[in-house]
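# A structural walkthrough
What follows is the residue order along each chain.
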Amino acid sequence: MSNDFRLGGDLLINRIGFGAMRLPTNTFHGPARDPETGRTVLRRAVELGVNHIDTAAFYTSGDGTVRANALIREALHPYPADLVIATKVGPVRTPEGGLAAATDASGLRQLVDENLETLGVDRLDLVYLRIGGIEPPPNGESVGERFEALAAMREEGLIRHLGLSHIDTGHLAEARAIAPVVAVQNHFHAAKRDDTQLLTACEEAGIAFVPYFPLGGGISDLTSDRMAKVADRHHATVPQIALAWLLASSPVTLAIPGTGSVAHLEENTAAASISLTREDLEDLSDLT
């Protein structure tokens, strides 16, 4: 299976990218990390061939002093010609430092403008409409008005491609009737496979499926006897096998593991070289 994917039919990216959420802080509301460490991780990621970075303007330290978008701009601007930066809009920071979900379309332009400014670009490569939080997707909630607003900004030339995050198959169908969807980002990993039907729908349509928390996100422990067995077989770590499983699960899956450590970054990107066998996949067939 190829280690490359053509996002939206025109952007060739490596299937193991980088998630920027942990650059400002290790936990979403935690203390700030050293900004220079974050910039070092980003530069090393590009050196290792990463050309897909997933971020958001609301990825900040708990006190708001360190921001992922600012680190990306400081470390990598002017950006390499092949670098694709994906961001997401919907959630907004509250005065208390938490997150609230924007449920109407009126504020989306401000959020898009914020990403354009903080990343230092005239057009965003990929913008996800994020609905809901970490709980199961809000079934039955329409995304039409919000997606239409983003589609209009795409027509203006502010956005190249559109995606959806934290959705179900109904949301995907509704959005695709409005404008092309090139990527879906949901909570999915080797031990959490609830969205297999959505993954199948994405594969049939050639839409990228980009799981967030591909290594569990600190919520799920992916370590199991069977995962450890496969890791030993490949002289690899359990996180590397979890990433290799994602890539093997479908040709449209992309992995965006995040970290604030160069060592972990190098470990994660090395997972692209692991080819799981039929025996491996059988051993990992059901970890839920």
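Please refer to the structure placed before this passage.
The structure displayed is predicted, hence computed values, not measured ones.

Turning our eyes to something else, we now look at the overall build of the chain. Broken down by element type, the chain carries ten helices and eleven strands. For the chain, the C-alpha radius of gyration of 18 Å lies close to 19 Å, the compact-globule estimate for 288 residues. Along the three orthogonal principal directions, the C-alpha set of the chain runs to about 50 × 40 × 35 Å. Counting the 288 residues in the chain, one finds 51% classified as buried. As displayed, the chain offers around 12,200 Å² of accessible surface, 49% of which is attributable to carbon and sulfur atoms. Charge separation in the chain, taken as the distance between the mean sites of 24 positive and 38 negative side-chain charges, equals 3 Å.

Take the packing of helix α2 (residues 68-76) against helix α3 (residues 108-119) next. Interaxial distance between α2 and α3 falls to 8 Å at its minimum, and their mutual angle equals 35°. Contacts between α2 and α3 involve Asn69, Ala70, Ile72 and Arg73 from the former and Asn115, Glu117, Thr118 and Leu119 from the latter.

Here we take up the environment of Asp286. Within the secondary structure, Asp286 sits in the segment after α10 (278-283). A relative accessible area of 43% means that Asp286 is categorised as partly exposed. Measuring from C-alpha to C-alpha, the distance between Asp286 and Arg146 comes to 36 Å, with 140 residues separating the pair along the chain. Each residue touching Asp286, except ones within four places of it in the same chain, is listed here: Arg193 and Arg226.

Time to look at the sheet that holds strand β9 (residues 159-165). The sheet built from seven strands is open, its strands ordered β3-β4-β5-β8-β9-β10-β11 with parallel pairing. Each edge of the open sheet carries a strand with a single partner, namely β3 (18-19) and β11 (208-209). As defined by bridge partners, strand β10 (residues 183-185) adjoins β11 across two bridges and the pair is classed as parallel. Within β11, the residue paired with Ala183 across the bridge is Ala208.

On to helix α6 (residues 196-205). Count 3.6 residues to each turn of an α-helix, and residues three or four apart come out pointing the same way. When we look at burial in α6, the residues that qualify are Leu198, Leu199 and Cys202. Along the axis of α6, the buried residues cluster in a sector spanning 100°; they form a single face. Exposed residues pointing more than 90 degrees away from the buried face of α6 are listed as Gln197 and Glu204. Once α6 finishes, Gly206 follows within two positions and takes phi at roughly 70°, a positive value.

This part covers the pairing of β9. Of all seven residues in β9, six are buried; the element is thus mostly enclosed. In this sheet, β9 lies alongside strand β8 (residues 124-130) in parallel orientation, the contact comprising six bridges. Each bridged residue has a counterpart across the sheet, and for Leu124 the counterpart in β9 is Ile159. Direction of pairing for β9 relative to β10: parallel, over a ladder of three bridges. Each bridged residue has a counterpart across the sheet, and for Gly163 the counterpart in β10 is Ala183. Considered for its hand, the β-α-β crossover made up of β9, helix α5 (residues 169-176) and β10 is right-handed.

This next bit is on the packing of aromatic side chains. All chains considered together, the criterion is met by four aromatic pairs. Note on Phe188 and Trp245: the rings are 6.0 Å apart at their centroids and 25° apart in plane angle, and the pair reads as stacked. In this pair, Phe188 sits in the loop between β10 and α6 while Trp245 sits in helix α8 (residues 238-249), placing the two residues 57 residues apart along the sequence. Here Phe188 matches Trp245 in class, with each residue buried. Put simply, the rings of Phe188, Phe209 and Trp245 pair up and form one aromatic cluster.

Thresholds applied
- Residues numbered from 1 in each chain as written.
- Predicted model: local features only at pLDDT ≥ 70, side-chain atom pairs only at ≥ 80, totals over all residues.
- Heavy atoms only, no water.
- Helix = DSSP H or I, 4+ residues; strand = E, 2+ residues; numbered from the N terminus.
- Rg over C-alpha atoms; globule rule 2.2 N^0.38 Å.
- Buried < 20%, exposed > 50% of the residue type's maximum accessible area, 1.4 Å probe, protein only.
- Areas by Shrake-Rupley, 256 points an atom, 1.4 Å probe, with all protein chains shown as cover.
- Lys, Arg positive; Asp, Glu negative; His and termini not counted.
- Charge placed at Lys NZ, Arg CZ, Asp CG, Glu CD.
- Axes fitted to C-alpha atoms, helices over the stretch in contact; angles between N-to-C directions.
- Contact = heavy atoms within 4.5 Å.
- Pairing = 2+ DSSP bridges.
- Arc of directions from axis to C-beta.
- Right-handed = clockwise from strand over helix to strand, strands pointing away.
- Phe/Tyr/Trp six-rings, centres within 6.5 Å; stacked < 30°, edge-to-face > 60°.

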